[in-house]
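# Working through the structure, step by step
Each chain is listed here by its residues.
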Amino acid sequence: MKSNKEDHSLARTIIVSEVTKMIANKYKVSLDEAREMFYKSKVSLILSNNETGLYGDSPLSVFSLFEQLNKR
């Protein structure tokens, strides 16, 4: 029996993996640096909150949000 608060960790893992690759490619940084950039961003907090539903969006959509909230 699943609880009302379902675990979306697999979806998040896939999204973070893909977004990390996009960050690394765009900003010409290593995957470790890209991962750190992502986890320090507001998007990481939004993604970790089940209430936002961001775990259901595509990696490209999450990357676009990352870009909007982390203007360089």
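Before any of the text, the structure's been laid out above.
Everything quoted here is computed from the prediction, not taken from an experiment.

### Some thoughts on the nonpolar core
- The biggest cluster of nonpolar side chains holds 15 residues, and the ones touching the most others in it are Val19, Ile23, Phe38, Val43, Leu47, Val62 and Phe66.
- Mapped onto this core, the elements with two or more residues apiece are helix 1 (9–27), helix 2 (31–39), helix 3 (42–48) and helix 4 (59–69).
- Here the element with the most residues in this core is helix 1; it accounts for 6 residues.
- The contact partners of Phe66, leaving out residues within four places of it in the chain, are Ile23, Tyr27, Met37, Phe38, Ser41 and Val43.

### Brief notes about the packing of aromatic side chains
- Using the criterion set out here, one finds 3 aromatic pairs in the structure.
- Chaining the aromatic ring pairs together yields one cluster made of Phe38, Tyr39, Phe63 and Phe66.

### What about the environment of Thr52?
- Mapped onto the secondary structure, Thr52 falls in the loop between helix 3 and helix 4.
- Sequence separation between Thr52 and Asn70 is 18 residues; the distance between their C-alpha atoms is 19 Å.
- Of note is the side chain of Thr52, whose polar atom sits 2.9 Å from the backbone oxygen of Ile46.
- Within the structure, the side chain of Thr52 is placed 2.9 Å from the backbone oxygen of Asn49, a separation counted as a polar contact.

### A look at the packing of helix 1 against helix 2
- Running from N to C, helix 1 and helix 2 point in directions that differ by 115°, and their axes come no closer than 8 Å. In terms of their interaxial angle, helix 1 and helix 2 are classed as roughly perpendicular. Crossing of helix 1 over helix 2 shows right-handed handedness. Contacts from Val16, Val19, Thr20, Lys21, Ile23, Ala24 and Tyr27 in helix 1 reach Leu31, Ala34, Arg35, Met37, Phe38 and Tyr39 in helix 2.
- Residue composition of the contact of helix 1 with helix 2, by class: 10 nonpolar, 1 polar and 2 charged.

Reading the values: the criteria
Residues numbered from 1 in each chain as written. Predicted model: local features only at pLDDT ≥ 70, side-chain atom pairs only at ≥ 80, totals over all residues. Heavy atoms only, no water. Core = buried A, V, L, I, M, F, W, Y, C linked by side-chain atoms within 4.5 Å. Buried < 20%, exposed > 50% of the residue type's maximum accessible area, 1.4 Å probe, protein only. Helix = DSSP H or I, 4+ residues; strand = E, 2+ residues; numbered from the N terminus. Contact = heavy atoms within 4.5 Å. Phe/Tyr/Trp six-rings, centres within 6.5 Å; stacked < 30°, edge-to-face > 60°. Polar contact = N/O pair within 3.5 Å; in protein donor to acceptor, adjacent residues only side chain to side chain. Axes fitted to C-alpha atoms, helices over the stretch in contact; angles between N-to-C directions. Parallel < 35°, antiparallel > 145°, perpendicular 65-115°, else oblique. Left-handed = near helix turned anticlockwise from the far one by under 90°. Nonpolar A, V, L, I, M, F, W, Y, C, P; charged D, E, K, R; others polar.

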